[in-house]
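Summary of structural features
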Amino acid sequence: MTYAPPYPHPQAPVRRWWQHPALIITLLVLIPPAGIALAWLSPWSQAKKVVATVLAGLWFLTPFLGDSPKKSAADAKPQPAATQPVAVAATPPGATPAAPASTAPAPTKSADPVMPAVVGKPFGEAEKAVEDLIDKELAAFSAYNDVELPAAHADWIACFQSPEVGAKLLPQYADTSVHLVAPGTRCPAEQNTDLHPKPTPTPTPPTDDDDTSSGGTGGGSAGTVTPGAYCSTSGATGIGKTNGKLYTCKGPGQKRWRP
């Protein structure tokens, strides 16, 4: 015995307008959140709903994942600086237009360099201060005659300088110099001074026996005589006690010790 299905057959569910596939696909592209919601309310299969949700979500989130490489490279390029328009005054008819004013600063005339003050400074500082102004080198000497200037004297102190402070310098021809003392040594009162002067020998006063200024003995040598003094022996000779020259007892007139 065969049973036939009941009649009439059950009708298929009615599809709403918002369940139309074309509308859902359009919203998935243009408005992904709305399209995803309609996709899950549609009679699509579970697999289609999952695929549509993943694709629409990626499409929706792409603009928020960062700027594109092309846009970043374009932003990194230096942009030209904006230039301000220059206002040009109107020129009356028939008048010659004035030349635009130059924006470059006018060159300033450099003053002649002058000798700086370097006395009391180490030679290293004095050398830099002077040689920045001239083409030659700063000459260095010892301030004491009996002290030799070593090869390494950058820390020696300047006591005298030439030329004086404020003197004009011709960079190509200027001759500059300083006289130095070792660190811790006082400067001399003047140049050409000895740090350790030698003792002056005490002169020995002449004795009465050496002076035969009143006259010689015989016609020979009279020893040490006083030039111009009277003498008695004509033709006698003697040595001047002040200058070491030879003198003779002779005239004219009264005999004297004469050269």
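Worth saying up front: this structure is predicted, and the values here are computed from it rather than measured.

1. Some points on the overall build of the protein chain
- Check the secondary structure of the protein chain and you find five helices and seven strands.
- For the protein chain, the sequential pattern of α-helices and β-strands runs α-α-α-α-α-β-β-β-β-β-β-β.
- Looking at the 259 residues of the protein chain, the share that counts as buried comes to 21%.
- Surface accessibility of the protein chain: about 19,500 Å² in total, with carbon and sulfur atoms responsible for 61%.

2. Some details on helix α5 (residues 123-131)
- Turning to α5, its buried residues number three or more, namely Phe 123, Ala 126 and Val 130. One side of α5 carries all its buried residues, which in axial view fall inside an arc of 60°.
- Turning to α5, the residues buried within the fold contact β1 (139-142) and β3 (177-181).

3. Details of the sheet that holds strand β2 (residues 157-162)
- Strands sit in the order β1-β3-β2 across an open sheet of three strands; the sheet is mixed. A strand with exactly one partner marks an edge of an open sheet, and here the two such strands are β1 and β2. Strand-to-strand twist across the sheet, computed as the mean angle between neighbouring axes with direction ignored, equals 30°.
- Across four bridges, the pairing between β1 and β3 is parallel. Counterpart to Ala 140 in the pairing with β3 is Val 178.

4. Regarding unusual backbone geometry
- Across the junction of Ser 162 and Pro 163, the peptide omega takes the value 0°, indicating a cis bond.
- With respect to the helices, strands and loops of the structure, Pro 163 is situated in the loop between β2 and β3.
- Between Gly 251 and Pro 252 the backbone carries a cis peptide bond, its omega angle lying at 10°.
- Relative to the helices and strands, Pro 252 resides in the loop between β6 (246-250) and β7 (256-258).
- The phi dihedral of Asn 192 is positive, around 60°, even though this residue is not glycine.

5. Notes on the nonpolar core
- Counting 13 residues, the largest nonpolar core has Val 130, Leu 138, Val 178 and Leu 180 as its most contacted members.
- Among the elements of the structure, α5 and β3 are those that each provide at least two residues to this core.
- Ranked by the residues each element gives to this core, the list is headed by α5, at three residues.
- For Val 178, the contacting residues outside a window of four places in its chain are Val 118, Phe 123, Leu 138, Ala 139, Ala 140, Phe 141, Ala 158, Phe 160 and Gln 161.

6. With respect to the state of the cysteines
- Here the structure, examined in full by the defined rule, presents two disulfides.
- The side chain of Cys 159 participates in a disulfide bridge whose partner is Cys 187; the two sulfur atoms lie 1.9 Å from each other. Classification of the bridge connecting Cys 159 and Cys 187 rests on its S-S torsion, roughly -75°, and on that basis the disulfide is left-handed. Note that Cys 159 is positioned in strand β2 and Cys 187 in the loop between β3 and β4 (221-225), a separation of 28 residues in sequence.
- Cys 187 sits in the partly exposed class, given a relative accessible area of 36%.
- The disulfide partner of Cys 231 is Cys 249, and the gap between their sulfur atoms is 1.8 Å. Looking along the S-S bond of the Cys 231-Cys 249 disulfide, the torsion reads about 100°, which is the right-handed sense. In this pair, Cys 231 is assigned in the loop between β4 and β5 (237-240) and Cys 249 in strand β6, connecting sequence segments 18 residues apart.
- The exposure class of Cys 231 is buried, given its relative accessible area of 4%.

So, how was this worked out
- Residues numbered from 1 in each chain as written.
- Predicted model: local features only at pLDDT ≥ 70, side-chain atom pairs only at ≥ 80, totals over all residues.
- Heavy atoms only, no water.
- Helix = DSSP H or I, 4+ residues; strand = E, 2+ residues; numbered from the N terminus.
- Buried < 20%, exposed > 50% of the residue type's maximum accessible area, 1.4 Å probe, protein only.
- Areas by Shrake-Rupley, 256 points an atom, 1.4 Å probe, with all protein chains shown as cover.
- Arc of directions from axis to C-beta.
- Contact = heavy atoms within 4.5 Å.
- Pairing = 2+ DSSP bridges.
- Axes fitted to C-alpha atoms, helices over the stretch in contact; angles between N-to-C directions.
- Core = buried A, V, L, I, M, F, W, Y, C linked by side-chain atoms within 4.5 Å.
- Disulfide = S-S within 2.5 Å.

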